[in-house]
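Close look at the chain arrangement
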Amino acid sequence: MSCIYVLPNPTKLGICLHATSIPSVASSARSSSSSHYMLPRKRQVGGEVVVQEDGEPNLADESPIKKLCTDDSKGTDCNSGNINSSSSSDKPPIMAMGNNGNSGDIDEDLHSRQLAVYGRETMRRLFASNILVSGMQGLGAEIAKNLVLAGVKSVTLHDEGVVELWDLSGNFFFSEEDIGKNRALACVQKLQELNNAVLISTLTTQLTKEKLSDFQAVVFTDISLDKAIEFDDYCHNHQPPISFIKSEVRGLFGSVFCDFGPEFTVLDVDGEDPHTGIVASISNDNPAMISCVDDERLEFQDGDLVLFTEVHGMTELNDGKPRKIKNARPYSFTIEEDTTNYGAYEKGGIVTQVKQPKVLKFKPLREAVKEPGDFLLIDFSKFDRPPLLHLAFQALDKFISELGRFPVAGSEDDATKFISLVTSINDSSADGKLEEIDQKILRHFAFGARAVLNPMAAMFGGIVGQEVVKACSAKFHPLFQFFYFDSVESLPTEASDPSDLKPLNSRYDAQISVFGAKLQKKLEESKVFTVGSGALGCEFLKNLALMGVACGQNGKLTITDDDVIEKSNLSRQFLFRDWNIGQAKSTVAATAAAQINSRFNIEALQNRASPESENVFDDTFWENLDVVINALDNVNARLYIDQRCLYFQKPLLESGTLGAKCNTQMVIPHLTENYGASRDPPEKQAPMCTVHSFPHNIDHCLTWARSEFEGLLEKVPTEVNAYLTNPSEYTTAMKNAGDAQARNNLESVIECLDKERCETFQDCITWARLKFEDYFSNRVKQLTYTFPEDATTSSGTPFWSAPKRFPRPLVFSVDDLSHLQFILASSILRAETFNIAIPDWVKSTQKFAEAVNNVMVPEFQPKKDVKIVTDEKATIILPASIDDAAVINELVMKLEKCKEQLPPGFKMNPIQFEKDDDTNYHMDVIAGFANMRARNYGIPEVDKLKAKFIAGRIIPAIATSTALATGLVCLELYKVLAGGHKIEDYRNTFANLALPLFSMAEPVPPKVIKHQDMSWTVWDRWIIKDNPTLKQLLNWLKEKGLNAYSISYGSCLLYNSMFPKHRERMDKHMVDLARDVAKAELPPFRNHFDVVVACEDDEDNDIDIPQISIYFK
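If you're wondering where the values come from, they're calculated on a predicted model, not measured in any experiment.

Turning next to the packing of aromatic side chains. One pass over the full model with this rule turns up 53 aromatic pairs. Measuring from ring centre to ring centre gives 6.3 Å for F460 and F485, while their planes differ by 55 degrees; the resulting arrangement is tilted. Of the two residues, F460 sits in helix α9 (residues 454-473) while F485 sits in strand β22 (residues 482-486), which places them 25 residues apart along the sequence. For the pair F460 and F485, a shared accessibility class is recorded, and that class is buried. Taking the centre distance of 5.7 Å and the plane angle of 65 degrees together, the rings of F694 and W800 count as edge-to-face. On the criterion of sequence distance, the pair formed by F694 in the loop between α16 (688-693) and α17 (698-725) and W800 in the loop between α20 (761-786) and α21 (817-833) is long-range, its members being 106 residues apart.

Another point: the packing of helix α6 (residues 385-403) against helix α7 (residues 412-427). With their axes 9 Å apart at the nearest point, α6 and α7 run at an angle of 120 degrees to one another. As the angle between them shows, α6 and α7 are arranged oblique. For α6 against α7, the interelement crossing comes out right-handed. Only D414, K417, F418, L421, V422, I425 and N426 of α7 make contact with α6, whose side of the interface consists of L391, A392, Q394, A395, L396, K398, F399, E402 and L403. Among the residues making up the contact of α6 with α7, the classes are represented as ten nonpolar, two polar and four charged.

It is a general feature of regular strands that their side chains alternate between the two faces of the sheet. Most of strand β11 (residues 243-250) sits out of view: eight of its eight residues are buried. Relative to β11, strand β10 (residues 217-220) runs parallel, the two sharing four bridges. Considered in β11, the bridge of A217 is made with S243. Note on the crossover from β10 through helix α4 (residues 225-237) to β11: the handedness is right-handed. The hairpin turn running from β11 into strand β12 (residues 253-259), its antiparallel successor, is two residues long, and G251 in that turn takes a positive phi close to 60 degrees.

Quick look at the packing of α9 against helix α26 (residues 959-978) now. At a minimum axis distance of 7 Å, the contact between α9 and α26 shows a crossing angle of 155 degrees. Comparing their axes, α26 and α9 come out roughly antiparallel. Classified by chirality, the crossing of α26 by α9 is left-handed. Counted together, P455, M456, A458, M459, G462, I463, G465 and Q466 of α9 and T960, A963, L964, G967, L968, C970, L971 and Y974 of α26 form the full contact between these two elements. Each residue belonging to the contact of α9 with α26 can be placed in one class, and the counts come to eleven nonpolar, five polar and no charged.

What follows concerns the sheet that holds strand β14 (residues 276-282). Strand order in this closed barrel of six strands is β14-β15-β18-β17-β16-β19, and the pairing throughout is antiparallel. Strand-to-strand twist across the sheet, computed as the mean angle between neighbouring axes with direction ignored, equals 45 degrees. When strand β16 (residues 305-309) meets strand β17 (residues 323-326), the two strands line up antiparallel, connected through two bridges. Its bridge partner lying in β17, V306 is registered against R323.

Moving on, we come to the pattern of salt bridges. Any two side chains of opposite charge can pair, on the condition that their charged atoms come close. If you walk through the whole model with that rule in mind, you get 63 salt bridges. A salt bridge links E756 to K771; the nearest nitrogen and oxygen atoms lie 3.5 Å apart. Of this pair, E756 sits in the loop between α19 (740-753) and α20 while K771 sits in helix α20, placing them 15 residues apart in sequence. Side by side, E756 and K771 carry an identical accessibility label, which is buried.

Let us look at unusual backbone geometry. Residues F480 and Q481 are joined by a peptide bond in cis, for which omega reads -10 degrees. Position of Q481 relative to the elements: it lies in the loop between α9 and β22. Cis geometry marks the peptide bond from A802 to P803, where omega comes out at 10 degrees. Within the fold, P803 resides in the loop between α20 and α21. One non-glycine residue with positive phi stands out, namely Y921, at about 70 degrees. Assignment of secondary structure puts Y921 in the loop between α23 (884-900) and α24 (922-937). According to the relative accessible area criterion, Y921 is buried, its value standing at 2%.

What follows deals with the confidence of the model for the chain. On average, residues of the chain score 89 in pLDDT, and 90% of them are at 70 or above. When the criterion is pLDDT under 50, residues 1-90 qualifies, and its contacts beyond four places in sequence or with other chains add up to 219 contacts.

Moving on: a negative patch on the surface. A cluster of acidic residues, D1098, E1099, D1100, D1102 and D1104, forms a negative patch at the surface. Of note, D1102 is situated in strand β37 (residues 1102-1103).

As a further point, take the pairing of strand β8 (residues 154-158). In terms of burial, β8 is largely enclosed, as five of its five residues are buried. A two-sided burial pattern is seen for β8, the buried positions comprising S154, T156 and H158 on one face and V155 and L157 on the other. With five bridges joining them, strand β7 (residues 130-134) and β8 adopt parallel strand pairing. Bridge pairing in β8 links L132 to T156. Remark: the β7/helix α2 (residues 138-150)/β8 crossover connection has right-handed handedness. Relative to strand β9 (residues 199-203), β8 runs parallel, the two sharing five bridges.

Calculation notes
- Residues numbered from 1 in each chain as written.
- Predicted model: local features only at pLDDT ≥ 70, side-chain atom pairs only at ≥ 80, totals over all residues.
- Heavy atoms only, no water.
- Phe/Tyr/Trp six-rings, centres within 6.5 Å; stacked < 30°, edge-to-face > 60°.
- Helix = DSSP H or I, 4+ residues; strand = E, 2+ residues; numbered from the N terminus.
- Buried < 20%, exposed > 50% of the residue type's maximum accessible area, 1.4 Å probe, protein only.
- Axes fitted to C-alpha atoms, helices over the stretch in contact; angles between N-to-C directions.
- Parallel < 35°, antiparallel > 145°, perpendicular 65-115°, else oblique.
- Left-handed = near helix turned anticlockwise from the far one by under 90°.
- Contact = heavy atoms within 4.5 Å.
- Nonpolar A, V, L, I, M, F, W, Y, C, P; charged D, E, K, R; others polar.
- Pairing = 2+ DSSP bridges.
- Right-handed = clockwise from strand over helix to strand, strands pointing away.
- Salt bridge = Lys/Arg side-chain N within 4 Å of Asp/Glu carboxyl O.
- pLDDT = per-residue confidence, 0-100.
- Patch = residues over 30% accessible without salt bridge, like charges linked within 9 Å, V, L, I, M, F, W, Y side chains within 5 Å.
- Areas by Shrake-Rupley, 256 points an atom, 1.4 Å probe, with all protein chains shown as cover.
- Lys, Arg positive; Asp, Glu negative; His and termini not counted.
- Charge placed at Lys NZ, Arg CZ, Asp CG, Glu CD.

In structure tokens:
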């Protein structure tokens, strides 16, 4: 019996490697049935690859890693706190910083965004995984691409067939020159370019099941059901089991089947950080009620297991025993425990979710195909679709086995034969027989069965690629076990004539067999604007090139991006190579896309799409577009493009990713709401006083750390240079300002040039050592002197109540390597700001420690009248003074004296924070700042990588979710360019590959405003041509039953009925009023301008009308 299940929504949106030289021993022209493509540098995992004379690597001495394990033979522990040495020979070593981990195992510059999703342990498991991908048509190529970008140890490509013209609409590795070559061999060279650290090999002869034992996971994209059952039986019963995945893309229909063995343990089902809460009270009750501070809503769910720590009073709960949650609410929950006789709760307490592993028992394909169990539902409007597709894919296999070919597109005989096979399989089902068979759906299935469409391949390539990662790492919940999807809504609304589906001997024949030649012509002649050429942009360009979009004589795609390529882009933005680093993204991406399809008419620009570039993207540009595709990474840019699409009434296809999650939104003129119609709530910011004096999590510490880094090393040196460049102008500006900020700026500059000026590297060490004492000892002593541990508020409650944490000062010691690490990194950067050379003796830990010990640290005495801001609503910490102006005058005089002591031409070197260079010491200083502060407040510390994610505001990103999003968008693009689709044909999607969760729904329609017999939405813009006068505009509105009482251009009022003098403007042209009254500067490329008109009806009711565009030429 088959049934439908829906996974719950996520509760919240979150090895030692060595280079060995291996000579190149194979080329793509080689005719051997098994070829291995070597690379200049290869990471060593579990033994060296030995190249024999015939070019075959000898893996006999390297026992394949079958279980979820890593190469521990090197003694590397990710959390060992090993020293992370600088890769630059002229820089001193960086010593251990708390729990810094060993970062020599993974290229963090390359994989930082992926590490933010997976973590080191998962990446290390991937690095040890050998994968087979069988079937190198479009789907196999997409899967292989995603795995190579992810960085698995090896990918073996298997295909016995040769490239046909038909394949060129699905596989972006193929070109016309590859026709007749083996598919696997034709892919391997371009695939290898994506990641030289992955071993790519090929198999071009018949695959035997024994060969599967070389791999941890095997993927089949073009295999008969009988052969799949044979291979899956072998994998399922193998010890340890080999993860088996079978996936197919047939026209607009796709399927996935997963079998990861009899018992597969998922170590982390969702990839989210464990949820936490800060305890405010615990009752002595049965069951016990726990209330948490209302700083943040709790994310716990009933059944979650949690641990208690740091509880005062009711210390029985600190025993390390997980407890189950019941009655979870936003700020409270109960636990199944009688605390009646426990000690009374006093204060404190952190409650942390304990993530539990989950064991899945997969059925082999032989059993699952007969008893599929639950299907993952992705679209509630297609509740009955998965069981039907389960039959359809079986029937297609039977059709091919009986006739030796696929059904022919447009052949009613083949469709009838196919439908009869589906009916026969359904009738023979002992359990779960379908009462109705949708023959229309099956007819579409039969017609497109041979085609591998690129958007479908991209979508399923993302899904299957992620399933392979799950199989190799036990990270995230696998698909269990069948997944079916279709996008029949993408078909043209008018039925295609069978003759329109016939091949034309073109690279688009597969796509034509599904959509017809008429739609193909529309795709080729379309005019498209793609905004952004990063990860999403690269995927889009590849998809559009294969689809033939803008590849006709009159078609054109314009892509713009003002960014340049960085190393961290290369793990996802697959059109870029390492030799492109520093080049313009749009130019490189456009060049690479044109190599995929030489007919691609693409223009690359480096302009940021913004009001400043409207001379480039002018009215004519926008009016000629057919569709806009966003590939952006920030909300403000999205909102701007959304407004332009609204204005010019152009379809906007929107998408975004966050780690394993992605979403797509279709913005269709007059059918759907626009992107800006609904917005996410703003991200909650910690109060200033919390960050500066009362942190209670590592995010607060890192926010403070980055602020201090920028203040000390960038802002103050910049202020110094501003003064030295033009002293009189600078001091005059400070005097004119005369406020606390100006006073603070002057004090900082004086301090930097006077008592904190460094002339030698020893001075820099002294500065760093005194900063340590100031930040992590003296300030804490002052804070606890002002607010002792037993302090109370004005209402009598303890001052140090949750979420506040009582801090303890640190005692510096050169024997604590984390202390020494902070001093070293800080000294080096301080020296950089003063252009001081770093001496060689710094490389000696002993000599450096001696230099630090030589620093004289004065005794600190707390002061009585120090004011510390505790108001959470305060937005500035600077103390104000009534005599700021007088103080500023004194400071200016001091500053002039300091200047006299400086050497001629003295300038400082401000340091701008750069997170993606591990040799520059920036993250060492920030991580040191944050972890020392965390140690003050008893907050768990983080390693440098985690600190980089938070302080560097790195957005987690992986190739699989990007591929999924772009595939879904391109399925919608068919609808947009075909035209005639209704709102119920479009789909917005949210997906989380980690769970996995897919939620598809039709878009929300726009809000409709009605007046008399008229109606309009946000999409409407009223246009009045022929350069009207003010009187003509008012009469034009009057004819619509609208009385205009106010007309404005920008912030300037052009007309208001209350002002008698405005009536004198009646005979003036509106464009002249805009120029004369509003001083509008209308550039030559602009042929119209817009006014906002306030109107009321004859009953004096205000009516919101659309924006009015006045065309004056």
